[in-house]
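Per-entry structural report
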Amino acid sequence: MELQNLTIEEAHTLLTQGSITAVDLAESYLARAKEKNKEINAYLEIFDDVLDQARVADEIISAGKATKLTGIPIAIKDNILINGRIASGGSKILENYVAAYDAYVIEKLKAEGAVCIGRTNMDEFAMGGSTENSAYGTTKNPYNLDRVPGGSSGGSAAAVAADMAIAALGTDTGGSIRQPAALCRLVGFKPTYGAVSRYGVMALGSSLDQVGSFGKTVADAETLFKSIRGSDSRDSTSLPDDFFREGTSIKKIGVPRQFFTEGVDKDVIATFEESLEALKGKGYEIVDIELPTSKYALAVYYIIMPAEASTNLARYDGIRYGVQVQGKDLLDDYMQTRKEGFGAEVRRRILLGTFVLSSGYADAYYRKAIAVRNQIKREFEKVLNDVDVIATPTSPTPAFKIGDKVSDPLAMYAQDMFTVIANLLGAPGISIPMGKVERDGSQLPIGMQFISARGTDSSLFAIGKDFEGIIKG
Ligand code: GLN
């Protein structure tokens, strides 16, 4: 039986009606994943126990205890630990590292009997926006194999877009779920910082990182998010459940048009404006907003993120984890291991981060960036007294060609201009398919992004469902 293009909702109905078993579903997705992965390289590993997991799911279903995710094939980004499995973070330095425990989000999925199909490709340690920084080759965009799927969670996005999984987990530090979702025509959701425990997730920028969901529909992204959320004492930044507000309604949308300057594709802006008109037709009010300090958001992000990453990555010294290269003494062991094990982008950010934290420069860069981040937060809070949500395109361009930006880090960083703000604020953000634009004769997906106040995650699903109902293609 060929089962494809299913949403979680549809698969759940088939499973609980008894029309299919979890093993049928797993076999179908597994066969396609094995076949398509040869050209797309979305998975770094397709697990060997998928059918065993599906059998466990079938028992849960037979016992009448199925929840939404029971038996659903899900892809997992390679920086999320699964007990007994390799977790490489897309890096050579961890190519032989086997996780000794499950991440909180994996505990949650296992408790529901979800079926983890495999671990997905990513930019090394989630630094990048194209998967080209992976030590294991680039993932291809299923909509055009010459183009990137976005990143850093590009493998997770491509796996769902190519129907090699029904949904996927990713992480988002500066846009790594929302941008690949936009480029692969998916819904991508980054929760409020603290909504999902980071326990068992490789740390990149600890004040920015969140685990979130990919789905083909808003409902699927919501279902997966609801399953992995929840407070956890093992993550000190985890928020109590009562922090979150259900049912806040969204009526007024703020648009910061100050950002639509150079570097934003004209077709993307045109489609975005048409989409706003469509939202107006649905009864939403659209107003212009000013976020003056947000023009520094990208600069601030690219100081704070490398600063935190350089500290977090200090643990990869060849002694405690992964690959070890023997040097002439202990210091040389460290240096050779890190030189061999880390790719160019990771080394660049470690250098940048160490520099902005070093004595004599910390005041000028790191502490200044923190001050500007606080100012951005204050401005955002003020704007949210007037509007319920902020809308922007997710990414300034559609998927670019593989190789186009590898030698120009600043051009790569500029891709994150709309997404980093949510991470700096700790606010939830969602990307929803917004149609397609044509490039070189091929139709490439783009996304609409909504950002709302911390704790109002559920309202993004509400406006997201309205939006996906009016936008075709
Ligand atoms: N592209 C951004 C960066 O390279 C975002 C990465 C992420 O969200 N993990 O930092």
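See the structure shown above.
Here goes a summary of the coordinates provided. (Residues numbered from 1 in each chain as written. Predicted model: local features only at pLDDT ≥ 70, side-chain atom pairs only at ≥ 80, totals over all residues. Heavy atoms only, no water.)

**Structural notes on the site of the ligand**
Near the ligand there are 15 residues, and of these Thr173, Gly174, Ser176, Tyr301 and Arg349 occur at the shortest range. At a separation of 2.8 Å, an oxygen atom of the ligand approaches a polar backbone atom of glycine 128. One of the side-chain nitrogen or oxygen atoms of serine 152 is found 3.5 Å away from a nitrogen atom of the ligand. When the free accessible area of the ligand is taken as 290 Å², the share hidden by the protein chains comes to 99%. (Near = heavy atom within 4 Å. Polar contact = N/O pair within 3.5 Å; in protein donor to acceptor, adjacent residues only side chain to side chain. Areas by Shrake-Rupley, 256 points an atom, 1.4 Å probe, with all protein chains shown as cover.)

**Re the packing of helix H9 (residues 297-312) against helix H12 (residues 363-383)**
Following both chains from N to C, one finds H9 and H12 inclined at 125°, their axes separated by 9 Å at the closest point. Here H9 is positioned oblique relative to H12, judged by the angle of their axes. The way H9 lies across H12 gives a crossing that is left-handed. Across the interface between the two elements, Ala297, Val300, Ile303, Ile304, Ala307 and Glu308 of H9 pack against Tyr365, Tyr366, Ala369, Ile370, Val372, Arg373 and Ile376 of H12. For the contact of H9 with H12, the per-class residue count stands at 11 nonpolar, no polar and 2 charged. (Axes fitted to C-alpha atoms, helices over the stretch in contact; angles between N-to-C directions. Helix = DSSP H or I, 4+ residues; strand = E, 2+ residues; numbered from the N terminus. Parallel < 35°, antiparallel > 145°, perpendicular 65-115°, else oblique. Left-handed = near helix turned anticlockwise from the far one by under 90°. Contact = heavy atoms within 4.5 Å. Nonpolar A, V, L, I, M, F, W, Y, C, P; charged D, E, K, R; others polar.)

**A few points about the sheet that holds strand E7 (residues 252-255)**
Hydrogen bonds along the backbone pair up the strands of a sheet, which may run parallel or antiparallel. Ordered in space as E1-E3-E2-E4-E6-E5-E10-E11-E9-E7-E8, the 11 strands form an open sheet in which the pairing is mixed. Since the sheet does not close on itself, it has two edges, and those belong to strand E1 (43-46) and strand E8 (285-288), each with one partner. Between one strand axis and the next, the sheet turns through 30° on average, direction left out of account. Here 4 bridges tie E7 to E8, and the two strands are oriented parallel to one another. If you follow glycine 254 over to E8, its bridge partner there is valine 287. Across the sheet, helix H4 (residues 104-112) lies against strand E2 (73-77), strand E4 (167-172) and strand E6 (210-215), angled at about 170° from E2, the strand it touches most. Across the sheet, helix H7 (residues 218-228) is in contact with E2, E4, strand E5 (187-190), E6 and strand E10 (429-439); its angle to E6 comes to roughly 145°. (Pairing = 2+ DSSP bridges.)

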